[in-house]
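# Breakdown of the fold
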Amino acid sequence: MKGIHSIFLACFLVSAFACFLASAFDPSPLQDFCVAIDDPKAGVFVNGKFCKDPKLAVADDFFFSGLNKPGNTNNRVGSNVTTVNVDQIPGLNTLGISLVRIDYAPYGENPPHTHPRGTEILVVVQGTLYVGFVTSNPENRLITKILYPGDVFVFPIGLIHFQYNLGNTAAVAFAGLSSQNAGVITIANAVFGSNPPINPDVLTKAFQLDKNVVTHLQSIF
């Protein structure tokens, strides 16, 4: 019996520790909502951002209009991401979710990128998308799928992923993210378009490219 009690105690401690770690990563809200406010003098407490007095919250704090409107895809990659996070809906503060609409021109793409603070779940509503993500080192395994309207795909937090419109007509998808502001790091922009630029010698060696190619890429990002 003593051994069984020890096992139960160990399991309890492991579970408690795991819960502590999970709580430290994404704390649960301490109130019904915490509408973000820019002026700390008007705030009453802090949980992620300064919060408006709950008694002063109004419907517009939890509202956004416009995701029915296509985004402008007239750019180099042929896509547009309309973001609805805590910056657009202050009431999302501490709730751990956000939303985006992604429009794709024919053969446009949402280029390889990561969300450092959120997992993404994407649903296609129009068109055909080739999507995928790459697992972490050392495997770097590519996992891909072709999606059609109504299909859903998940991109795990922090992993490089992409979407590419396979069709000659426009495509549309919506995605939810497990953060009020998941952040985005577009790989090419970050590497070749950093400010100030990364020393070309670093990128030449890292990507095993001719230095002229590297400097050209840095000139266009």
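Look up: the structure comes first, before these words.
Report on the accompanying structure. (Residues numbered from 1 in each chain as written. Predicted model: local features only at pLDDT ≥ 70, side-chain atom pairs only at ≥ 80, totals over all residues. Heavy atoms only, no water.)

## A look at the overall build of the protein
- The number of helices and strands found in the protein is 4 helices and 12 strands.
- Out of the 221 residues in the protein, the part that is buried amounts to 32%.
- Across the protein, the fraction of contacts at a sequence separation of at least 24, relative to all contacts at a separation of at least 6, is 66%.
- Carbon and sulfur atoms provide 62% of the accessible area of the protein, an area that totals close to 13,500 Å². (Helix = DSSP H or I, 4+ residues; strand = E, 2+ residues; numbered from the N terminus. Buried < 20%, exposed > 50% of the residue type's maximum accessible area, 1.4 Å probe, protein only. Contact = heavy atoms within 4.5 Å. Areas by Shrake-Rupley, 256 points an atom, 1.4 Å probe, with all protein chains shown as cover.)

## Details of helix α3 (residues 200-207)
- The backbone nitrogen of D201 has a side-chain oxygen 2.8 Å away, supplied by the residue at the start of α3, namely N199.
- Q208 occupies a position one or two residues after α3 and carries a positive phi of about 55°. (Polar contact = N/O pair within 3.5 Å; in protein donor to acceptor, adjacent residues only side chain to side chain.)

## Focus: the sheet that holds strand β11 (residues 171-177)
- Taken in spatial order, the 5 strands make up an open sheet running β3-β4-β11-β6-β9, and their pairing is antiparallel. The two strands at the open ends of the sheet, each matched to only one other strand, are β3 (79-84) and β9 (152-155). Across this sheet, the average inter-strand angle for adjacent strands is 20°, counted without regard to direction.
- Pairing geometry for strand β6 (residues 120-126) and β9, over 4 bridges, is antiparallel. Bridge pairing in β9 links V123 to V152. (Pairing = 2+ DSSP bridges. Axes fitted to C-alpha atoms, helices over the stretch in contact; angles between N-to-C directions.)

## Some words on the side chain of H161
- As for its placement among the helices and strands, H161 is situated in strand β10 (residues 161-165).
- Here H161 is in contact with P111, P112, H113, T114, H115, E120, G132, F133 and F155, once residues within four sequence places are set aside.

## Topic: unusual backbone geometry
- Put simply, N137 and P138 share a cis peptide bond, and its omega is 5°.
- Within the secondary structure, P138 sits in the loop between β7 (129-134) and β8 (142-147).
- The omega torsion of the bond from N195 to P196 falls at 0°, within 30 degrees of zero and hence cis.
- For Y107, which is not glycine, the phi torsion reads 60° and is therefore positive.
- Note that Y107 resides in the loop between β4 (98-104) and β5 (109-114).
- Residue Y107 is classed as partly exposed on the basis of its relative accessible area, which comes to 47%.

## Some points on the nonpolar core
- Among the nonpolar cores identified, the biggest contains 17 residues, and Y104, L122, L129, V131, L147, F153 and F155 are the most heavily contacted of them.
- For this core, the secondary structure elements donating two or more residues are β4, β6, β7, β9 and β11.
- Examining the composition of this core, we find that 4 residues originate from one element, β11, more than from any other.
- Apart from residues no more than four positions distant in its own chain, V131 is found in contact with I143, T144, K145, L147, F153, F155, F162 and Q163. (Core = buried A, V, L, I, M, F, W, Y, C linked by side-chain atoms within 4.5 Å.)

## Some remarks on the packing of aromatic side chains
- Scanning all chains against the criterion turns up 5 aromatic pairs.
- Here the aromatic residues F133, F153 and F155 are joined through ring pairs into a cluster of three or more.
- Over the face of the ring belonging to F221 we find R76, whose NZ or CZ atom lies 4.9 Å from the ring centre. (Phe/Tyr/Trp six-rings, centres within 6.5 Å; stacked < 30°, edge-to-face > 60°. Lys NZ or Arg CZ within 6 Å of the ring centre and 35° of its normal.)

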